[in-house]
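Residue-level structure breakdown
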Amino acid sequence: METEIRLMNSDDIEQVETVFLSAFKDDHIYNECGFELSGGLPDNFRLSIGYSVCSGSSVGYFEGGRMIAFALGFDFHKCECSRPDVMRAVFEIGEDGSSAYEELGPFFDKCAGIEELYYLMSIAVIESRRREGIASKMLDFILNRVCKSIIGDVSSMISIPMYTKRGFSVQPLADGYK
């Protein structure tokens, strides 16, 4: 079967949503935050996924045209300047600038000092294909073709070696938050 790793576009959004719902339906982070994914994606997720896919910097892994995995991300500073609505949706920031996450201050401070920066929002691989190196291949694609500087938050501790093997430093922003 033909395998393809490529930058995604608007034609891929439906498959991204399907993989997202499948991959994260039982994710502890989403459950702890009170997101109910069984009824579909919340509007703020749709907005951030749509922007990430249409920005031309998110990556999909396909077999025979069917999406097996994705890595969603975008140019952090470009989004910050041009799409504050997306930044609010991704980082759950209120119209008044308030957030439930104290760690966002240090996070944004770290981002401000990096000129070219890719925010890796999410990596997902369908359950039956995990532990095959697919996420690593997508991360390498991003590093080689999109941007060398990546920042993101990690909710799955099992994925940390994928980052540290590539020279990333993993630093907690707050207790229990990476």
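The residue count restarts for each chain, going from 1 along the sequence in the order it is written. Confidence filtering applies because this is a predicted model: local features only for residues at pLDDT of at least 70, side-chain atom pairs given and counted only at 80 or more, and all residues used for totals across whole chains, interfaces and linings. Side-chain numbers come from the whole structure's heavy atoms, not from hydrogens or water.

Regarding the pattern of salt bridges
Salt bridges are identified by distance alone: a Lys or Arg side-chain nitrogen within 4 Å of an Asp or Glu carboxyl oxygen. Following the criterion strictly, the structure yields seven salt bridges and no others. Of the charged contacts, one joins Arg129 and Glu63 as a salt bridge, the two residues approaching to 2.6 Å between their closest N and O atoms. One end of the pair, Arg129, is in the loop between strand E4 (118–125) and helix H7 (134–145); the other, Glu63, is in strand E2 (residues 59–63), with 66 residues separating them in the sequence. Exposure is judged per residue with a 1.4 Å probe applied to protein chains only, and the accessible area is read against the type maximum: over 50% gives exposed, under 20% gives buried, and values in between give partly exposed. Given a relative accessible area of 17%, Arg129 falls into the buried group. For Glu63, a relative accessible area of 13% puts it in the buried group. Segments assigned H or I by DSSP are reported as helices when at least four residues long, segments assigned E as strands when at least two residues long, and all are numbered from the N terminus.

Quick word on the sheet that holds E4
We treat two strands as partners when DSSP finds at least two bridges between them. Taken in spatial order, the five strands of this open sheet run E1-E2-E3-E4-E5, and their pairing is mixed. The two strands at the open ends of the sheet, each matched to only one other strand, are strand E1 (3–7) and strand E5 (150–152). Across the sheet, the mean angle from the axis of one strand to that of its neighbour is 25°, orientation sign disregarded. Sheet analysis places strand E3 (residues 66–75) next to E4, joined by seven bridges and oriented antiparallel. Within the sheet, the bridge partner assigned to Ala69 lies in E4 and is Val125. Note on contacts: a residue pair qualifies if any of its non-hydrogen atoms lie within 4.5 Å across the two residues. To obtain an axis, a line is fitted to C-alpha atoms, over the contacting stretch when the element is a helix, and the angle between two such axes runs from 0 to 180 degrees between their N-to-C directions. Along the sheet face, helix H3 (residues 43–54) touches E3 and E4 and points at about 90° away from the line of E3. Each of E1, E2, E3, E4 and E5 is contacted by H7, which is oriented at about 155° to E4, the strand it contacts most.

A word on unusual backbone geometry
Unusually for a residue other than glycine, Arg131 sits at a positive phi of about 70°. Relative to the helices and strands, Arg131 is located in the loop between E4 and H7.

A few points about the packing of aromatic side chains
Aromatic rings from Phe, Tyr and Trp, with only the six-membered ring used for Trp, were paired whenever their centres fell within 6.5 Å, and each pair was classed as stacked if the ring planes differed by under 30 degrees, edge-to-face if by over 60, and tilted otherwise. Considering all chains together, one arrives at four aromatic pairs under this definition. Grouping aromatic residues by their ring pairs yields a cluster made of Tyr51, Phe74, Phe76 and Tyr119. Comment: the charge-over-ring label is applied if NZ (Lys) or CZ (Arg) is within 6 Å of the ring centre and within 35 degrees of the ring normal. Over the face of the ring belonging to Phe62 we find Arg6, whose NZ or CZ atom lies 4.2 Å from the ring centre.

Structural notes on the pairing of E2
The buried count for E2 comes to five of five residues, which makes it a mostly enclosed element. On E2, burial covers both faces: Val59, Tyr61 and Glu63 on one face and Gly60 and Phe62 on the other are all buried. Bridge analysis of E1 against E2 gives five bridges, and the strand direction is antiparallel. Across the sheet, the residue bridging to Glu4 is Phe62, located in E2. Here E2 runs beside E3; their pairing, made up of five bridges, is antiparallel. Within the sheet, the bridge partner assigned to Glu63 lies in E3 and is Arg66.

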